[in-house]
Structures are given as C-alpha cells and as structure tokens.
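Descriptive analysis of the structure
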Amino acid sequence: MRLRCMCLVIHAPGDLRLDEQDAGEIGPGQVLVKVAMGGICGSDLHYFRHGGFGTVRIQEPMVLGHEVAGTVAAVAPDVTSVKVGDRVAVNPSRPCGACRYCLEGLPNHCLDMRFYGSAMRMPHIQGAFRDTLLCNASQCVAVADGIPLSLAALAEPFSVGLHAVSRAGSLLGKRVLVSGCGPIGALAAAAAKVHGAAEVVAVDVVDEPLAVARALGASATINVATDPGWVQRHAADKGTFDVMIECSGNERALRDGLETMRPRGVVVQLGLGGDVSLPQNLVVAKELSICGSFRFHAEFALAVKLINEGRVDLAPVVTCSFPMREAQAAFELAGDRRRAMKVLIDFAAAA
C-alpha cells in the first residue's frame, strides 16, 4: 500500500500550503524516514518571498526544504547501513555518481545533481519538508543517542561552512575574518574554530547575529555599522587576517574585507549577491588568492560526527521551532534578522 504524507508546498510567492501527497513506495536501497525537524534556509525564504532567486523561479508547486533529520520507519530488504528506529540526519545532495565531475571526485559539481527543494531544473526537485520522506539509505547518517534532532537538522548548513573552511586550506594558527553572520556565517565561524584557527573575528551590520557568532566560538565581533574605523585598524601594516570567509554576498563587505587581508591571504567567497567589482590593484599588490565555495559532499558526514561527539555546540543557532501547521508564521519570523537566526519546523508536532 502506498503511503501518503503531508508536505509544505510553495505555489507562488507568499502562497505556502500544507498539501497531502503520495509518499512513494520503497525501492531497492531506500528507506522511509519520519521527519522530526527541518530548518528553514535562505533559499527557502527566497522561494517563499519572491518565488525564486536570480533567474531561478518556481514554475510548478514545489515542496520546500533540505535541512532535515528524523527517524527511520522502514527499510528496503537490501539495506544494511541503517535500520528501523535509527535517528538520522538526511543529506539532501544526490549526485549522479556517473558524470565527469562525480568521477573526478567533485560530486558537488555533478552535472545531474538532484538537490532537495530546488527549482533549478524542470520538473523541480521536490523538497524534504514533509512528515514522511522516502530517500536513499546512503543519504542517512546516524545521529547519536542524546543528540536532539533539532541539532542534527543543522548538519546541512554546518556542512556548507565546513566546505568553505576546507577551501581555505589549513587554518592552524591563522587569523580568520568571517564577514556576514547569518546562519551560514555563524556556522562558518564554528567550523573555523574547530579547524584550529587561532582567532576568529566575525563582522556584521546587526548586533543580534553577532551574539550568536560569539556563542559559537568567535573570538571577537564587530558591528561595522557602528564602528566605521574597523577597516583602518585592521588594514594597518598591510593587513591583519590570513583568511576571509565572505558570507554576505555584499560588495562593500568584500571590498572592506580585502583591505584587512595580509599579503598572500586567502579569500573564500561563500555568500551570493550577484556581480561585484574587485579592486584589482589591491588583489595583485597583496598577492591574494580568491576562491569560491559551493555546497559540500564529504563534509556532511563530518558535520554529523562533530555534532555527535559534542565537539561543537550549535544550539545557539536555533531560535525556536513551529509545528508544521504554523509554517507561515515560521517563515515570516525566519526572515527577521533581529529576531531570528535558525527557525525550525517541527514535523512531529503536526501529527
């Protein structure tokens, strides 16, 4: 018998509905997960507010969400990696494993990627904001006993921060600037700290997210809106920071950060904001390296491991949770930077 599930479906900007859909039928290598918690991401907010981002727009109703954790309810006969009752974080990234980039060890650049809750292809890839999720067993990473599933749901955004840190090379003993302290920026600060950075300085234009960055291990924080002299101070003697992880996507933030970089520093561009201009003379004179960071792959398992072992405490990122039936209010709160960092949907509470 095919199962039914309740899903959070975006139909148009602002038109978020709780719809019933076919949950599917378990096939080889698959498991059925009863979703407990799901985190609202910036991309979910873009779909909710604007119907998409950049040139990407929803063309058909789409289930949102890709940051989820839950409990395995059923498994296919050939599955041995997880069992019924296991608590798991679900990796939303499903590379094909056969294209040139997958075979080159770059699955985050898969040519046939299927990533939950994405309108980048048509038909859209339906998301994971549903009370029952059919997925591949290979997407599931076990969550340790005693770890709240609300924290396990942060494995995906934490993976993004971990991948950004990996793009910078070794951070041992380095001074790191994190620019932009939304959820990804705050988690990038935590990732930098766990990777051995000697100092992590987080900057933003709002005080509230800076407090979360401090709670996650930032050595110091700067509100650049109220401290206009910060660039001059940190640009003295050709710069202060060895690494910048730029998470805002804002041109001014990037240019200010470049001023504070030491010669031969590494700039990792993680935030998206469209086309920006670069001060070429500065980049050349300081011999700066600039690279991008896109999604993640192996970092997902590492993120769960670090959470399981208590080596990071990501609880300060979580603002609150809403039952599935109150998703509209959850999305509205999630868009307020002064009141919320990471807002979760509690799918179990909807049962």
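Let me begin by describing the structure that accompanies this report.

Cut-offs and rules
Residues numbered from 1 in each chain as written. Predicted model: local features only at pLDDT ≥ 70, side-chain atom pairs only at ≥ 80, totals over all residues. Heavy atoms only, no water. Helix = DSSP H or I, 4+ residues; strand = E, 2+ residues; numbered from the N terminus. Rg over C-alpha atoms; globule rule 2.2 N^0.38 Å. Buried < 20%, exposed > 50% of the residue type's maximum accessible area, 1.4 Å probe, protein only. Contact = heavy atoms within 4.5 Å. Areas by Shrake-Rupley, 256 points an atom, 1.4 Å probe, with all protein chains shown as cover. Lys, Arg positive; Asp, Glu negative; His and termini not counted. Charge placed at Lys NZ, Arg CZ, Asp CG, Glu CD. 1 Å grid on protein atoms, 1.4 Å probe; cavity = no way out; pocket = protein on both sides within 12 Å on 5 of 7 lines; lining within 4 Å. Points joined across faces, edges and corners; volume = space filled by probe spheres on them. Pairing = 2+ DSSP bridges. Phe/Tyr/Trp six-rings, centres within 6.5 Å; stacked < 30°, edge-to-face > 60°. Core = buried A, V, L, I, M, F, W, Y, C linked by side-chain atoms within 4.5 Å. Axes fitted to C-alpha atoms, helices over the stretch in contact; angles between N-to-C directions. Parallel < 35°, antiparallel > 145°, perpendicular 65-115°, else oblique. Left-handed = near helix turned anticlockwise from the far one by under 90°. Nonpolar A, V, L, I, M, F, W, Y, C, P; charged D, E, K, R; others polar.

**Concerning the overall build of the protein chain**
- Regarding its fold elements, the protein chain presents 11 helices and 20 strands.
- Since a compact globule built from 351 residues should have a radius of gyration of about 20 Å, the 20 Å found for the protein chain is in line with a globular shape.
- Principal axes of the C-alpha set define a box for the protein chain whose edges measure 70 × 40 × 40 Å.
- Counting over 351 residues, the protein chain shows a buried share of 53%.
- In the protein chain, the proportion of contacts linking residues at least 24 apart, taken out of those at least 6 apart, comes to 65%.
- Surface summary for the protein chain: the accessible area is close to 15,300 Å², and the carbon and sulfur share equals 52%.
- Of the charged side chains in the protein chain, 33 are positive and 35 negative, and the gap between their average positions amounts to 3 Å.

**A word on the layout of surface pockets**
- Space inside the second largest pocket adds up to approximately 190 Å³.
- Along the walls of the second largest pocket sit 14 residues, with C110, M113, M120, R121 and R295 positioned nearest its centre.

**Quick word on the sheet that holds strand β2 (residues 15-24)**
- Spatially, the 3 strands line up as an open sheet ordered β2-β1-β6, and their pairing is antiparallel. The open sheet has two edge strands with one neighbour each: β2 and β6 (62-63).
- Where strand β1 (residues 3-12) lies against β6, 2 bridges are found, and the strand directions are antiparallel. For V9, the partnering residue across the bridge sits in β6 and is V63.

**Quick word on the environment of G185**
- Among the structural elements, G185 can be located in helix α5 (residues 183-194).
- Note: C-alpha distance between G185 and G271 (86 residues apart in sequence) is 8.7 Å.
- Once residues lying within four places of it in the same chain are set aside, the contact partners of G185 are V178, G180 and C247.

**With respect to the packing of aromatic side chains**
- According to the stated counting rule, one finds 5 aromatic pairs in the structure shown.
- Plain terms: the ring middles of F129 and F347 are 5.6 Å apart, the flat faces sit at 45° to each other, and that makes the pair tilted. Of this pair, F129 sits in the loop between β10 (114-115) and β11 (132-136) while F347 sits in the segment after β20 (342-346), and the two are 218 residues apart along the sequence. The residues F129 and F347 share a single accessibility class, namely buried.
- Relative to F300, the ring of F296 lies with its centre 6.2 Å away and its plane at 25°, an arrangement referred to as stacked.
- Given a relative accessible area of 2%, F300 falls into the buried group.

**So, unusual backbone geometry**
- Here the residue pair M122 and P123 is connected by a cis peptide bond, since its omega of 0° sits within 30 degrees of zero.
- With respect to the helices and strands, P123 occurs in the loop between β10 and β11.
- The phi dihedral of D237 is positive, around 55°, even though this residue is not glycine.
- One non-glycine residue, R264, adopts positive backbone phi at about 65°.
- Secondary-structure assignment places R264 in strand β17 (residues 261-269).

**Considerations on the nonpolar core**
- With 55 residues, the main nonpolar core has F158, L171, V176, L216, I245 and L314 as its most contacted residues.
- Elements with a contribution of two residues or more to this core: β3 (30-39), α3 (149-152), α4 (155-167), β13 (175-179), α5, β16 (241-246), β17 and α10 (299-308).
- Element by element, the count of residues in this core is highest for α5, at 7 residues.

**Here we look at the sheet that holds β13**
- Strand order in the open sheet formed by 6 strands is β15-β14-β13-β16-β17-β18, and the pairing between neighbours is parallel. Because the sheet does not close on itself, it has two edges, and the strands there are β15 (220-223) and β18 (289-292). Between one strand axis and the next, the sheet turns by 20° as a mean value, whatever way the strands run.
- Summarising the sheet, strand β14 (residues 199-204) and β15 pair through 4 bridges and their orientation is parallel. Following the sheet pairing, D204 is matched in β15 by N223.
- The strands that helix α8 (residues 251-259) touches are β13, β16 and β17; relative to β17, the one it contacts most, it runs at about 155°.

**A few points about the packing of α4 against α10**
- For the pair α4 and α10, the least separation of the axes is 8 Å and the interaxial angle reads 115°. Of the possible angle classes, the one that applies to α4 and α10 is roughly perpendicular. Every pair of crossing elements has a handedness; the one defined by α4 and α10 is right-handed. Of α10, the residues touching α4 (which contributes A155, E156, F158, S159, L162, H163 and S166) are E299, F300, L302, A303, V304, L306 and I307.
- In terms of residue class, the contact of α4 with α10 is made up of 9 nonpolar, 3 polar and 2 charged.

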